[in-house]
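Now for the letters of each chain:
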Amino acid sequence: MTENPIQLKMADPKLHYQNNVGPIENQELDEVAIDIRNIGWTLGNDCPYRCTHCYSMSAREKGMNMNPQIIDRIVDQLALNGVETVNLGGNEPLFTNGPDPKATLLPYIINGLVDKGIKVGLTTSGITLIHLERDHKETMLKLNDVDVSFDSPYEEEHNKNRGAALYKQALRSLDICKENGIDHTVIMCAMNWNFTEDRIKALVDIAQSHDANIRINTLKPVEAKHMDSALPPEQFYKGFSQLMSLCNPVDLGEPPLATVTNFEHAKGCPCGRTSFRIHSITPDGKIPVSPCVYLHDYKVGDLREDNLFDIVRSPL
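## Observations concerning the overall build of the protein
From N to C terminus, the protein includes 10 helices and 8 strands. A total of 316 residues make up the protein; the buried ones form 46% of that total. At a minimum sequence separation of 6, the contacts of the protein that also span at least 24 residues come to 69%.

## Looking at the sheet that holds strand β7 (residues 275-278)
Read across the sheet, 8 strands follow the order β6-β5-β4-β3-β2-β1-β7-β8 without closing on themselves; strand pairing throughout is mixed. Of all strands in the sheet, those with a lone pairing partner are β6 (213-218) and β8 (289-290), marking the two edges. Relative to strand β5 (residues 183-190), strand β4 (residues 145-149) runs parallel, the two being bridged by 5 bridges. Of the residues in β5, the one forming a bridge with valine 148 is valine 186.

## Overview of the confidence of the model for the protein
Counting all residues, the mean pLDDT for the protein is 87, and 86% of those residues have values of 70 or more. Note that residues 1-9 has pLDDT below 50 and, in this model, 0 contacts with residues that lie over four places away or in other chains.

## Structural notes on the packing of helix α7 (residues 197-209) against helix α8 (residues 233-246)
The geometry of α7 relative to α8 is characterised by a closest axis approach of 10 Å and an angle of 30 degrees between their N-to-C directions. One finds that α7 runs roughly parallel with respect to α8. Viewed along their axes, α7 and α8 form a crossing whose handedness is right-handed. Between α7, through Glu197, Ile200, Lys201 and Val204, and α8, the contact on the second element is made entirely by Gly239, Gln242, Leu243 and Leu246. Looking at side-chain class alone, the contact of α7 with α8 contains 4 nonpolar, 2 polar and 2 charged residues.

## A few points about the packing of aromatic side chains
Under the criterion given, the structure shown has 4 aromatic pairs. When the ring of phenylalanine 236 is compared with that of tyrosine 237, the centres are 4.9 Å apart and the planes differ by 80 degrees; the resulting orientation is edge-to-face. The class of tyrosine 237 is partly exposed, set by a relative accessible area of 38%. A connected cluster of aromatic rings, assembled from ring pairs, spans Phe195, Phe236, Tyr237 and Phe240. The ring centre of phenylalanine 309 lies 3.7 Å from the NZ or CZ of arginine 313, which sits over that ring.

About the thresholds
- Residues numbered from 1 in each chain as written.
- Predicted model: local features only at pLDDT ≥ 70, side-chain atom pairs only at ≥ 80, totals over all residues.
- Heavy atoms only, no water.
- Helix = DSSP H or I, 4+ residues; strand = E, 2+ residues; numbered from the N terminus.
- Buried < 20%, exposed > 50% of the residue type's maximum accessible area, 1.4 Å probe, protein only.
- Contact = heavy atoms within 4.5 Å.
- Pairing = 2+ DSSP bridges.
- pLDDT = per-residue confidence, 0-100.
- Axes fitted to C-alpha atoms, helices over the stretch in contact; angles between N-to-C directions.
- Parallel < 35°, antiparallel > 145°, perpendicular 65-115°, else oblique.
- Left-handed = near helix turned anticlockwise from the far one by under 90°.
- Nonpolar A, V, L, I, M, F, W, Y, C, P; charged D, E, K, R; others polar.
- Phe/Tyr/Trp six-rings, centres within 6.5 Å; stacked < 30°, edge-to-face > 60°.
- Lys NZ or Arg CZ within 6 Å of the ring centre and 35° of its normal.

This is the structure:
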């Protein structure tokens, strides 16, 4: 007797614009205290690059552009709720209004946040910071910190995974930060092909030579295809063991690492507790919020109209 094969059904990546998520688990338990201080904001809805591990690609569809009124509403809500820091990233933050850099509202966003006393960080492949230095240097100097993304310390691998020749722009961005006294960090999404002994050492060398911190985010699969690149447990621990032998840890956001190292400064997962993610603008012009950048389905509200206080205290 043969068993009937199980047919895998791929989810429509656009369903997160429509579906309700549920049921809410463990409703009998008390909620963790909410003290939102640090925000990630996925700007725009466009990016000319196609990184193979991108976790926002499935949540991006060209819709409305940003405008000053939308930005003012969001910035006012963040300030009203005591937000202290905002990191602008997700998609390449330069492209707030499509792929034309001349249409960007990024300087308006940075200036608005800083004027409210909010510290602004930037996560970029390099291209955003280069444009800011060239066209909006006064605004660039208001940045509190910059994270520069590397997929590999080796130029050919990095460019191949990014789908564009961005390696030299990444290095140049580190130089810009160093020249202008902006705190800067080399970041990499750890996958099974790039989190190897030689690449970890080479990445640390880049950070050291540019007076940069280093941060590793392990790949969190949000699509089935990402499983091909995910870290197996043995490589996870081996790679971080090597990294921690080369660096002094400032924070450990990965709970398994904080546990096995007994890291005394670990703060635990901040998602929905002290931080959340503002998603890029949807095709129908909404700007939803979710507790975690990886949880596209756990979205709620519209920052153009709803009060942030109510959004972050919703069941989702």
